[in-house]
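# Topology and contacts: notes
Chain by chain, the residues run as shown.
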Amino acid sequence: MHKILLIIQREYLSRVKKKSFIVMTFAVPLFFFALYAGMFYLTKKSFKDSHTEVFILDEQGDFANKLQSNKNVSYTVSKLDLQAQKAQLTQSEGKKSILYIPKDILTSERAELITGGKTSFVTQEIISGQLEEIIREKEYKAKGIDLQIIQSIKPKVSIDAKEITADGEEKNSNTAIAMGLGVALAILVYLSLFLYGAQVMRGIIEEKSNRIIEVIISSVKPFQLMMGKIVGIGMVGLTQFVMWLVLTGGLFITATLLFVNPQDMQEVAASQPGAGNMSTVSKAMAQNDSASILTSIQSFNFTEVIIFFFLFFIAGYLLYSAIFAAAGSAVDNETEANQFSMPITMPLLLTYILSFGVIINDPNGPIATWLSFIPFTSPIAMLVRIPFGVPLWQILTSLTLLILTFLFVTWVAARIYRVGILIYGKKASLKEIIKWFNYKS
């Protein structure tokens, strides 16, 4: 145990003191912040750049005065005929268009938008939406329907999702928060396990290629060395991971509070793909339903999620690091290691993809439940399910199976490691690795 602790200390300090660790720790949050700021700036700028001046030629005679200008489109009634307006359009600069409204628009429901280049899809949607509203109003009037009565009827149904616990108590379901949190945890765990597991493999390949391992292996057992490297690099990764969360969160919150206008935030959010399918929480935010948001957040058990996140993150890291360590000991360089990386990460990738559909849509279904019990998929699957409420026995069973599998894989990996770490210049095949496992000490 003492030797394992010394190896852990060696691995941790040697990597934390490296210049690359310090640079990456601060560079990654700055990179994400710059990416966020750049996206926000470019999206906001695109609103200004996409503004179009539209000249209206209304042959029907009753549409031009009802079209309303907004931030994206400015309407001007043209005093020229169509051909003269087209000639002027080709000579003008900036984004200008001609909206030709024919006499039979009420029956044909067609109009023409003529521009000097490609027409913006957003501009088309805005104009077509306003024309549809005008036609709808005329249809109501023609059929003797009072438009004011229709507009006054705007039902707004709010559904408070409740769930009954095993004790018979009711509590808020918080489905929207659970979905968002589940997807966020899936992304974090997938990236972290892949990133830090690969670091273990690279560390072993580096020491093997430098022949440092021949000196170290003379004083410690292969199992002790591998265990020390896994835990030591894991602690480095956990330290860096926590610092990334703190720094990135601090930068985002500070910048949002000091430099971002809430109205601009709403415009940018509305422009993103899928903005039309906002969740319950997003809708509440858009409607300034702050009391509803606060109640949902306060009633959510974040403590349970955080505790189990770290437990499954650490156990999942240990499992996959042991597999990556075995792969690293079987090859001489990272190019050869790539043949093992894909099979190792396939269970994680599969679960990561399923997290966005199958698991969050049916967190207590048979597929999600089985994935959360299989040790190679449970680090992601169970963390996606936990925000929705999972029985404690399922969580503990999944965690126990994950730890037992880690110990078994570590034992298997150590048997491969003890031979493979000293093999140079030979490309390992599956048959060769099985031979290494069967060698007697």
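Residues numbered from 1 in each chain as written. Predicted model: local features only at pLDDT ≥ 70, side-chain atom pairs only at ≥ 80, totals over all residues. Heavy atoms only, no water.

The protein is annotated in an unreviewed UniProt entry as ABC transporter permease from Sphingobacterium paramultivorum. UniProt, in its Subcellular location (unreviewed entry) section for the protein, records the words "Membrane". (UniProt positions renumbered as here; feature names shortened; annotations may be inferred.)

To continue, consider the packing of helix H15 (residues 366–373) against helix H17 (residues 392–420). In the contact formed by H15 and H17, the axes pass within 8 Å of each other and the chain directions differ by 40 degrees. Comparing the axis directions of H15 and H17 gives the class oblique. Together, Thr 369, Ser 372 and Phe 373 of H15 and Trp 393, Gln 394, Thr 397, Ser 398 and Leu 401 of H17 make up the contact between the two elements. In the contact of H15 with H17, the residues fall into three nonpolar, five polar and no charged. (Axes fitted to C-alpha atoms, helices over the stretch in contact; angles between N-to-C directions. Helix = DSSP H or I, 4+ residues; strand = E, 2+ residues; numbered from the N terminus. Parallel < 35°, antiparallel > 145°, perpendicular 65-115°, else oblique. Contact = heavy atoms within 4.5 Å. Nonpolar A, V, L, I, M, F, W, Y, C, P; charged D, E, K, R; others polar.)

Right, let's talk about the sheet that holds strand E2 (residues 73–77) for a bit. As summarised here, the arrangement of the four strands in space is E2-E1-E3-E4, forming an open sheet in which the pairing is mixed. Both outer strands of the open sheet, E2 and strand E4 (112–115), are each paired with one neighbouring strand and no more. On average, each strand axis in the sheet is tilted by 30 degrees relative to the strand beside it, whichever way the strands run. Of the pairings in the sheet, the one linking strand E1 (residues 52–58) to E2 comprises five bridges and is parallel in character. (Pairing = 2+ DSSP bridges.)

For the rest of this paragraph, the subject is unusual backbone geometry. Positive phi values are uncommon outside glycine, yet Glu 109 reaches one of about 55 degrees. If you trace the backbone, Glu 109 turns up in the loop between helix H4 (105–108) and E4.

Before going further, it helps to examine the nonpolar core. Nonpolar side chains in soluble globular proteins tend to be buried together. Phe 312, Tyr 317, Tyr 320 and Ile 386 are the most contacted members of the largest nonpolar core, which has 70 residues in total. Ranked by residues supplied to this core, first place goes to helix H13 (residues 302–329) with 15 residues. One finds Ile 56, Ala 64, Leu 99 and Ile 126 within the second-largest nonpolar core, a separate group that totals 15 residues. (Core = buried A, V, L, I, M, F, W, Y, C linked by side-chain atoms within 4.5 Å. Buried < 20%, exposed > 50% of the residue type's maximum accessible area, 1.4 Å probe, protein only.)

Time to look at the side chain of Thr 351. Tracing the sequence through the fold places Thr 351 in helix H14 (residues 334–361). Owing to a relative accessible area of 0%, Thr 351 belongs among the buried residues under this scheme. Sequence-distant contacts of Thr 351, defined by excluding residues within four places in its chain, comprise Ile 359, Thr 377, Ile 380 and Ala 381.

When the UniProt feature table is mapped onto this chain numbering, "transmembrane region" (unreviewed entry) sits at residues 21–42, 176–200, 212–235, 241–260, 305–328, 340–360, 367–386 and 392–417. Helix makes up 100% of residues 340–360 and strand 0%, whereas the separation of the span's terminal C-alpha atoms amounts to 30 Å. Annotated as residues 367–386, this span is 75% helix and 0% strand, and its ends, taken at the C-alpha atoms, are 15 Å apart.

Summary statistics for the protein give a mean pLDDT of 75 and a share of 76% for residues scoring 70 or more. Highest mean pLDDT in the protein belongs to H15 (89); lowest belongs to helix H11 (residues 280–286) (43). Taken together, the stretch residues 270–290 has pLDDT below 50 and engages in 15 contacts with residues farther than four places along the chain or on a different chain. (pLDDT = per-residue confidence, 0-100.)

For Leu 407, the location among the structural elements is in helix H17. Note on Leu 407: relative accessible area 47%, which makes it partly exposed. As for Leu 407 and Ala 322, which are separated by 85 residues in sequence, their C-alpha atoms are 9.1 Å apart.

Once that is clear, we can look at the environment of Ile 434. Relative to the helices and strands, Ile 434 resides in helix H18 (residues 430–438). Considering only alpha carbons, one finds Ile 434 and Ile 416, 18 residues apart in sequence, at a separation of 8.0 Å.

We now examine the packing of aromatic side chains. Under the counting rule described, the total for this entry stands at four aromatic pairs. Ring geometry for Phe 309 against Phe 310: centres 5.3 Å apart, planes inclined by 70 degrees, an arrangement best described as edge-to-face. Look at Phe 309 and you get buried, because its relative accessible area is 6%. Overall, the relative accessible area of 29% leaves Phe 310 in the partly exposed class. Of the aromatic side chains, those joined through ring pairs into one cluster are Phe 309, Phe 310 and Phe 313. (Phe/Tyr/Trp six-rings, centres within 6.5 Å; stacked < 30°, edge-to-face > 60°.)

The subject of this paragraph is the environment of Glu 139. With respect to the helices, strands and loops of the structure, Glu 139 is situated in helix H5 (residues 121–142). Among the residues examined, Glu 139 registers a relative accessible area of 33% and is labelled partly exposed. On a C-alpha basis, the gap between Glu 139 and Leu 106 in space is 8.7 Å, while along the polypeptide they are 33 residues apart.

A word on H5. Taking 1.5 Å per residue, 22 residues should reach 32 Å; H5 reaches 31 Å between its end C-alpha atoms and fits that length. Of the positions making up H5, those classed as buried are Thr 123, Ile 126, Ile 127, Gln 130, Leu 131, Ile 134, Ile 135 and Lys 138. Relative to the axis of H5, the buried residues are bounded by an arc of 160 degrees and lie together on one face. Looking at the buried positions of H5, the neighbouring elements they touch are E1, E2, strand E3 (96–101), H4 and E4. At the C-terminal side of H5, Gly 144 shows a positive phi close to 75 degrees. (Expected span 1.5 Å × (residues − 1). Arc of directions from axis to C-beta.)

Two elements in contact, H13 and H17, have axes separated by 8 Å at closest approach and are oriented at 20 degrees. Considered as vectors, H13 and H17 are oriented roughly parallel to each other. As for the relative orientation of H13 and H17, their crossing is left-handed in sense. Within the contact of H13 with H17, the residues separate by chemical class into 20 nonpolar, six polar and one charged. (Left-handed = near helix turned anticlockwise from the far one by under 90°.)

Another point: a nonpolar patch on the surface. On the surface, a nonpolar cluster with roughly 280 Å² of combined accessible area is contributed by Ile 22, Phe 26 and Leu 30. Within the secondary structure layout, Phe 26 lies in helix H2 (residues 19–49). For Phe 26, a relative accessible area of 42% corresponds to the partly exposed category. (Patch = residues over 30% accessible without salt bridge, like charges linked within 9 Å, V, L, I, M, F, W, Y side chains within 5 Å. Areas by Shrake-Rupley, 256 points an atom, 1.4 Å probe, with all protein chains shown as cover. Salt bridge = Lys/Arg side-chain N within 4 Å of Asp/Glu carboxyl O.)

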